[in-house]
2 protein chains.
Amino acid sequence: MADEERLELCDCECIHDDVVCAVNKTLQPAREYENLAALLKLFADATRVKLLHALEQHELCVCDLAVLLGVTKSAVSHQLKLLRMSNLVKSRREGQIVYYSLADDHVRQIIDMGFEHLWE
Amino acid sequence: MADEERLELCDCECIHDDVVCAVNKTLQPAREYENLAALLKLFADATRVKLLHALEQHELCVCDLAVLLGVTKSAVSHQLKLLRMSNLVKSRREGQIVYYSLADDHVRQIIDMGFEHLWE
DNA sequence: TGAATAGTTGAGCAGTTGTTCAACTATTGA
DNA sequence: TCAATAGTTGAACAACTGCTCAACTATTCA
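Residues numbered from 1 in each chain as written. Chains lettered and ligands numbered in written order. Predicted model: local features only at pLDDT ≥ 70, side-chain atom pairs only at ≥ 80, totals over all residues. Heavy atoms only, no water.

A. Summary view of the pairing of strand E2 (residues 89-94) of chain B. Residues and elements named next belong to chain B. Relative to strand E3 (residues 97-102), E2 runs antiparallel, the two being bridged by 6 bridges. By the bridge assignment for E3, Glu94 is matched with Ile97. Here E2 folds back onto E3 in antiparallel fashion, the turn holding 2 residues, of which Gly95 has a positive phi close to 70°. (Pairing = 2+ DSSP bridges. Helix = DSSP H or I, 4+ residues; strand = E, 2+ residues; numbered from the N terminus.)

What follows is the structure, given as structure tokens:
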């Protein structure tokens, strides 16, 4: 293994140099894992994932979601802002009312995969 | 809609009773969303998701992972304990060395789905 | 048996997160 | 044009998370 690819050793002797080096080559740059974690963090809250699951069924306004989730409109709005900025939901305004819906089918797939894991 | 299914109203007039009630019937019990969020929370950290992605390639010991992730063995061990208790990874001991690997193909699927969303 | 090494654990700390409250903007309709 | 209502925003706070440190256990081997 070339010097520029060598990883810093730890304090032990057990390290499997060849395997570690091979695996390291298949890993993504650090930034990719930060982005992935940031994406999956959006599903890592019960309120938010319930909100997304509700939007799987039908587009809903802020008030509808507040009722369904049992939290204030403010809390819903804060979460929707996060989700909108991350391109997980999209919105359309009709007069005073803003309707939210899923922006992307990956949301459904990730949630379904999660439930599948839990239910088997 | 029957009284026992009626949801508490919010302070607005816009609520779409019929849609909200219909969506509410399709939702899971609160506990399911807590479980789902707890599962997906395990993927919501850059160190942990990189660790899982490394284990996709090959089984690795604590020390290997510490080197790959650039953190202490203690940090890795704490994370592995979480992941093991959640049945995302499994371990086998060989002498002094404990080898970790993925317990379940859903890990791979969730990570792949996440990367797919990010890369499109 | 005892030194060396791989791994685990608990305490404690710094940084992050989700909520509410209060004040704000946007749109409607009388 | 002004009151009513849907939604947004920023500040503040309590709860949670991931890390390191230090001390511990488990296993090997001389």
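Still to come is the rest of the account.
B. Quick peek at the interface of chain A and chain B. With 61 residues of chain A at the interface, the matching set in chain B holds 61 residues. For the chain A and chain B pair, buried surface summed over both sides reaches about 5,300 Å², with 76% attributable to carbon and sulfur atoms. Only helix H1 (17-26), helix H2 (30-41), helix H3 (46-57), strand E1 (60-61), helix H4 (62-69), strand E3 (97-102) and helix H6 (105-119) of chain A provide two or more residues apiece to the side of chain A that touches chain B. Looking at which element gives the most residues to the side of chain A that touches chain B, the answer is H6 of chain A, with 11 residues. Class assignment for the residues of the side of chain A that touches chain B results in 34 nonpolar, 14 polar and 13 charged. (Contact = heavy atoms within 4.5 Å. Buried area = accessible area lost by both parts, 1.4 Å probe. Nonpolar A, V, L, I, M, F, W, Y, C, P; charged D, E, K, R; others polar.)

C. Here's a closer look at the pattern of salt bridges. All names here are of chain A. Applying the stated criterion across every chain, the model contains 9 salt bridges over all chains. Between Arg92 and Glu59 there is a salt bridge, with its nearest N and O atoms 2.5 Å apart. Separated by 33 residues along the polypeptide, Arg92 in strand E2 (residues 89-94) and Glu59 in the loop between H3 and E1 bring together distant segments of the chain. Glu59 sits in the partly exposed class, given a relative accessible area of 25%. (Salt bridge = Lys/Arg side-chain N within 4 Å of Asp/Glu carboxyl O. Buried < 20%, exposed > 50% of the residue type's maximum accessible area, 1.4 Å probe, protein only.)

D. Inspection of H3 of chain A at higher detail. Residues and elements named next belong to chain A. Over its 12 residues, H3 extends 17 Å from the first C-alpha to the last, a length consistent with the 16 Å expected when each residue adds 1.5 Å. In terms of burial, H3 is largely enclosed, as 9 of its 12 residues are buried. Those residues of H3 that fall on the buried side of the exposure criterion are Arg48, Val49, Lys50, Leu51, Leu52, His53, Ala54, Leu55 and Glu56. Between a side-chain oxygen at the N-terminus of H3 and the backbone nitrogen of Thr47 the separation is 3.2 Å; the capping residue is Asp45. (Expected span 1.5 Å × (residues − 1). Polar contact = N/O pair within 3.5 Å; in protein donor to acceptor, adjacent residues only side chain to side chain.)

E. Representation of H1 of chain A within the structure. Within H1 of chain A the residues assigned to the buried category are Val19, Val20, Cys21 and Val23 of chain A. Taken together, the buried residues of H1 of chain A touch helix H3 (46-57), strand E1 (60-61) and helix H4 (62-69) of chain B.

F. Representation of the sheet that holds E2 of chain B. Taking strand neighbours across the sheet as the criterion, the 3 strands line up as E1-E3-E2 (chain B) in an open arrangement whose pairing is antiparallel. Each end of this open sheet is capped by a strand with a single partner; those strands are E1 and E2 of chain B.

G. Representation of the relation of the copies chain A and chain B. Superposing chain A onto chain B requires a rotation of 180° together with a translation of 0.0 Å along the rotation axis, leaving an RMSD of 0.0 Å. In the structure described here, the two chain copies are related by an operation that fits a two-fold rotation axis. Mapped onto chain B, 100% of the interface residues of chain A again fall at the interface, so both copies present the same surface. (Least-squares fit on C-alpha atoms with pLDDT ≥ 70 in both.)

H. Highlighting the packing of H3 of chain A against H4 of chain A. All names here are of chain A. Between H3 and H4, the shortest axis-to-axis distance is 10 Å and the interhelical angle comes to 120°. In terms of orientation, H3 and H4 fall into the oblique class. Seen from above, H3 lies across H4 with right-handed handedness. Where H3 approaches H4, its residues Thr47, Lys50, Leu51, Ala54 and Leu55 are matched on the opposing element by Leu65, Leu68 and Leu69. In the contact of H3 with H4, the residues fall into 6 nonpolar, 1 polar and 1 charged. (Axes fitted to C-alpha atoms, helices over the stretch in contact; angles between N-to-C directions. Parallel < 35°, antiparallel > 145°, perpendicular 65-115°, else oblique. Left-handed = near helix turned anticlockwise from the far one by under 90°.)

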